[in-house]
Protein chains: 2
Amino acid sequence: MNPLTVLKIGGNVIDNPAALTRFLTTFSTLTGDKLLVHGGGKIATQIAEKLGVQTTMVDGRRITDKPMLDVVTMVYGGLVNKQIVGQLQTLGTNAIGLTGADAGVVKANKRPVKDIDYGFVGDITEVDSGRLLSFANESLVPVMAPLTVDASSGTLLNTNADTLAQAIAVDLVHKRDVTLVYCFEKKGVLANPDDDNSVINQLTPEVYAEHKAAGSINKGMIPKLDNAFAALNAGVARVIICHADELAAALAGTAGTSIVMNNE
Amino acid sequence: MNPLTVLKIGGNVIDNPAALTRFLTTFSTLTGDKLLVHGGGKIATQIAEKLGVQTTMVDGRRITDKPMLDVVTMVYGGLVNKQIVGQLQTLGTNAIGLTGADAGVVKANKRPVKDIDYGFVGDITEVDSGRLLSFANESLVPVMAPLTVDASSGTLLNTNADTLAQAIAVDLVHKRDVTLVYCFEKKGVLANPDDDNSVINQLTPEVYAEHKAAGSINKGMIPKLDNAFAALNAGVARVIICHADELAAALAGTAGTSIVMNNE
């Protein structure tokens, strides 16, 4: 099968214009079909504050009430997405910015209220990977904002960008040989969170379990790695976690962390 | 040639959620290929005010400095565009929201500074109507925000929505039988601006000149009508100006104003 790379770029890189430009410059040179999923960054919180919209976080997750939904729709779907698309156009990459609502590419259900009401947050139900491939076949590079659509009400839903990237990658596995890359501000998965150079080159489920038990892998890395292993289990060929500045080296196998089922 | 309808919906309708829903409901029932261009509405001014970004208007036109460009990118490209796309999805119309940057569909140059520095405002240089038709051929309905892209710098540019609709319509005339419809909050072009029922059914260049001289057609109607006649002169088959609530009747020829070269 033809290869396709799904890349996710995190908020910390988006908050740093110079780092974002470096990443997009490398991204634009990658050969083969590709798709970019971007996170939000701190700008949504800053804009919300100026607009008098209160940011409420529970366990590191944003509660998305209606005013906050409008803010993330503006910031993720408008400002961040279109700035990335514009920049990629000048780099010779024919990017097309999308939310899940556009062409109905990613549908979701509003998360049911259990202990916590997360508000307008989406749990993905359907990815139209056929449509995404039709864009790729026309030499377009989809750039996805972390927003999905509730197909029954038409409302946008705030959706975790790591999960969105994983769901898109997984939906493509029967049609393409998929590589999923999470780019962020660390050099990979660290054995010691206080040592930026303690990168684990290959992370197996066993080593992951040991680090979780020891507390050396914790917080935001846990949902990211759960997403990574879920992608691998669902047939994604390669899953890589790396620094945004080391994307090319990570794809060549000389930087970052490869998520693997067994040590090679 | 196959027919295609380019519709522009103005800011006053966008500011009224019930009116917007009525319009989108009718829009979704129109048969044949179609494309929607939307304006901005007052919400950009309201958001700008809350963000402490000053709105400066010269001769009814917004001066778009960098902070205002960010506001219109958020509001037009994010909030307004995605709310329309989401609503159309629930109405069974497979809409895809686009700015001129997305897939590079509408490129522009930043307007040169003469007497007035309009800031980040675009004068359209290139429409990729082939790309827009390829979306139509895949049963997608493009929904265009009034933003174009400077191809050399990648910056978004604020662009008048009437002009954008006209430029897209004109670029399609060699490939499709194009109807251009401007929908707004009046029943058409009025012979007497104080009488909402004084609709001119057919407006010729001669009658337009008379009304301009008499001052009964003035202000914002003049650039709108200049755009309309320019479209007709460039080969657009039909140009209609009508109330958003009377779209179906106007397309059937029983409401609104038809812009024509000669009385029929």
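These numbers come from a predicted model, not from an experiment. (Residues numbered from 1 in each chain as written. Chains lettered and ligands numbered in written order. Predicted model: local features only at pLDDT ≥ 70, side-chain atom pairs only at ≥ 80, totals over all residues. Heavy atoms only, no water.)

S.K.: So what's going on with the overall build of chain A? Which residues, and what values?
M.R.: Scanning chain A for helices and strands turns up 9 helices and 14 strands. For 264 residues, the compact-globule formula gives about 18 Å, and the C-alpha radius of gyration of chain A, at 18 Å, lands near that figure. Here the C-alpha coordinates of chain A stretch approximately 45 × 45 × 35 Å along the principal axes. Residue pairs in contact within chain A that sit at least 24 positions apart in sequence constitute 69% of those at least 6 positions apart. (Helix = DSSP H or I, 4+ residues; strand = E, 2+ residues; numbered from the N terminus. Rg over C-alpha atoms; globule rule 2.2 N^0.38 Å. Contact = heavy atoms within 4.5 Å.)

S.K.: Could you give me a rundown of helix H5 (residues 129–137) of chain A, with the residues and numbers involved?
M.R.: The element H5 of chain A is extensively covered by neighbouring structure, given that 7 of its 9 residues are classed as buried. The set of residues buried in H5 of chain A consists of Ser-129, Arg-131, Leu-132, Leu-133, Ser-134, Phe-135 and Ala-136 of chain A. (Buried < 20%, exposed > 50% of the residue type's maximum accessible area, 1.4 Å probe, protein only.)

S.K.: So, the relation of the copies chain A and chain B: which residues are in play, and what are the values?
M.R.: Of the two same-sequence chains, chain A is brought onto chain B (RMSD 0.0 Å, axial shift 0.0 Å) by a rotation of 180°. In short, the pair behaves as if placed about a two-fold rotation axis. Considering only C-alpha atoms, the part of chain A nearest the rotation axis is Gly-78 of chain A, at 1.8 Å. A share of 100% of the interface residues of chain A reappears at the interface of chain B, consistent with the copies meeting face to face through the same patch. (Least-squares fit on C-alpha atoms with pLDDT ≥ 70 in both.)

S.K.: How would you summarise the UniProt feature "binding site: substrate" (unreviewed entry) in chain A if you had to cite specific residues and measurements?
M.R.: Residues and elements named next belong to chain A. When the UniProt feature table is mapped onto this chain, "binding site: substrate" (unreviewed entry) is found at Gly-40, Gly-41, Arg-62 and Asn-158. Across 119 residues, the annotated set stays spatially compact, with a maximum C-alpha separation of 13.3 Å. For Arg-62, the location among the structural elements is in strand E4 (residues 61–62). Those residues in contact with Arg-62 that lie beyond four places of it in its chain are Ala-44, Thr-45, Thr-55, Thr-56, Met-57, Met-68, Val-72, Tyr-76, Tyr-118, Val-121 and Asn-158. Here Asn-158 shows up in strand E10 (residues 156–158). For Asn-158, a relative accessible area of 10% corresponds to the buried category. (UniProt positions renumbered as here; feature names shortened; annotations may be inferred.)

S.K.: Which residues make up the interface of chain A and chain B, and what values go with them?
M.R.: Interfaces are frequently sized by the accessible area removed from exposure as the parts join. With 40 residues of chain A in contact, the opposing surface of chain B contributes 40 residues. Buried surface at the junction of chain A and chain B, both sides included, amounts to about 2,800 Å², of which 61% is carbon and sulfur. Interface area lost by chain A to chain B is led by Met-74, Lys-82 and Glu-138 of chain A, which between them contribute 20%. The tally of links between chain A and chain B comes to 4 salt bridges. Across the pair Asp-102 of chain A and Lys-82 of chain B runs a salt bridge, and its minimum N-O distance is 3.0 Å. In this structure, the connection of chain A to chain B is made through 12 residue pairs in polar contact (both at pLDDT 80 or more). Secondary-structure elements contributing two or more residues to the side of chain A that touches chain B are helix H3 (43–50), helix H4 (66–90), strand E5 (95–98) and H5 of chain A. (Buried area = accessible area lost by both parts, 1.4 Å probe. Salt bridge = Lys/Arg side-chain N within 4 Å of Asp/Glu carboxyl O. Polar contact = N/O pair within 3.5 Å; in protein donor to acceptor, adjacent residues only side chain to side chain.)

S.K.: A description of the sheet that holds strand E11 (residues 177–184) of chain B should follow, citing residues and the corresponding values.
M.R.: Residues and elements named next belong to chain B. Overall, mixed pairing links the 8 strands, which are arranged E5-E8-E2-E1-E11-E13-E14-E12 in an open sheet. The open sheet has two free edges, formed respectively by strand E5 (95–98) and strand E12 (202–203), since each of these has just one partner strand. Packed on one face of the sheet, helix H5 (residues 129–137) meets strand E1 (3–9), strand E2 (33–38), E5 and strand E8 (141–144) and runs near 135° to E8. Relative to E11, helix H6 (residues 161–171) is tilted by about 170°, and along the sheet it contacts E1, E2, E8 and E11. (Pairing = 2+ DSSP bridges. Axes fitted to C-alpha atoms, helices over the stretch in contact; angles between N-to-C directions.)

S.K.: Describe empty space enclosed by the protein, listing the residues and the values that go with them.
M.R.: Residues and elements named next belong to chain A. Applying the stated criterion across every chain yields a total of 2 cavities of 30 Å³ or more. Taken together, Leu-4, Lys-34, Leu-35, Leu-132, Leu-133, Ala-136, Pro-142 and Leu-172 make up the lining of the largest cavity. Breaking the lining of the largest cavity down by element, the ones donating at least two residues are strand E2 (33–38) and H5. In terms of residue count, H5 provides more of the lining of the largest cavity than any other element does, 3 residues in total. (1 Å grid on protein atoms, 1.4 Å probe; cavity = no way out; pocket = protein on both sides within 12 Å on 5 of 7 lines; lining within 4 Å. Points joined across faces, edges and corners; volume = space filled by probe spheres on them.)

S.K.: Outline the UniProt feature "domain: Aspartate/glutamate/uridylate kinase" (unreviewed entry) in chain A, listing residues and values.
M.R.: Per the UniProt annotation, the sites labelled "domain: Aspartate/glutamate/uridylate kinase" (unreviewed entry) are residues 4–242 of chain A. Annotated as 39% helix and 24% strand, the span residues 4–242 of chain A places its first and last C-alpha atoms 18 Å apart.

S.K.: Please provide a residue-by-residue account of the side chain of His-211 of chain A, values included.
M.R.: Among the secondary structure elements, His-211 of chain A is positioned in helix H7 (residues 205–214). Filtering out sequence-adjacent residues up to four positions away, His-211 of chain A remains in contact with Ala-191, Ile-200, Ser-216 and Ile-217 of chain A.

S.K.: Explain the pairing of strand E9 (residues 147–150) of chain B to me, and be specific about the residues and the numbers.
M.R.: Residues and elements named next belong to chain B. Residues of E9 alternate between two faces, with Leu-147 and Val-149 on one and Thr-148 and Asp-150 on the opposite face, all of them buried. One ladder, built from 2 bridges, connects strand E6 (residues 106–110) with E9; its direction is parallel. Along E9, the bridge assignment pairs Ala-108 with Asp-150. Pairing between E9 and strand E10 (residues 156–158): 3 bridges, direction antiparallel. Bridging across to E10, Thr-148 finds its partner in Leu-157. Joining the antiparallel neighbours E9 and E10 is a turn of 5 residues, in which Gly-154 adopts a positive phi near 80°.

S.K.: So what's going on with the side chain of Ser-129 of chain B? Residues and values would help.
M.R.: Here Ser-129 of chain B lies in helix H5. Setting aside residues up to four positions removed in sequence, Ser-129 of chain B forms contacts with Asp-171, Leu-172 and Lys-175 of chain B.

S.K.: How would you explain unusual backbone geometry if you had to name every residue and give the values?
M.R.: All names here are of chain A. Backbone geometry at Ala-103 places phi at a positive 60°, although glycine is not the residue there. Along the chain, the position of Ala-103 falls in the loop between E5 and strand E6 (106–110). Judged by relative accessible area, which is 2%, Ala-103 ranks as buried. One non-glycine residue with positive phi stands out, namely Lys-219, at about 50°. Within the fold, Lys-219 resides in the loop between H7 and helix H8 (221–233).

S.K.: Before we move on, could you go through the packing of aromatic side chains and cite the residues and values that matter?
M.R.: Inspection of the entire model under this criterion finds 5 aromatic pairs over all chains. Ring geometry for Tyr-208 of chain A against Phe-229 of chain A: centres 5.3 Å apart, planes inclined by 15°, an arrangement best described as stacked. On the criterion of sequence distance, the pair formed by Tyr-208 of chain A in helix H7 and Phe-229 of chain A in helix H8 is long-range, its members being 21 residues apart. Using a relative accessible area of 8% as the deciding quantity, one classes Phe-229 of chain A as buried. In this structure, Lys-34 of chain B packs its charged tip against the face of Phe-27 of chain B, placed 5.0 Å from the ring centre. (Phe/Tyr/Trp six-rings, centres within 6.5 Å; stacked < 30°, edge-to-face > 60°. Lys NZ or Arg CZ within 6 Å of the ring centre and 35° of its normal.)

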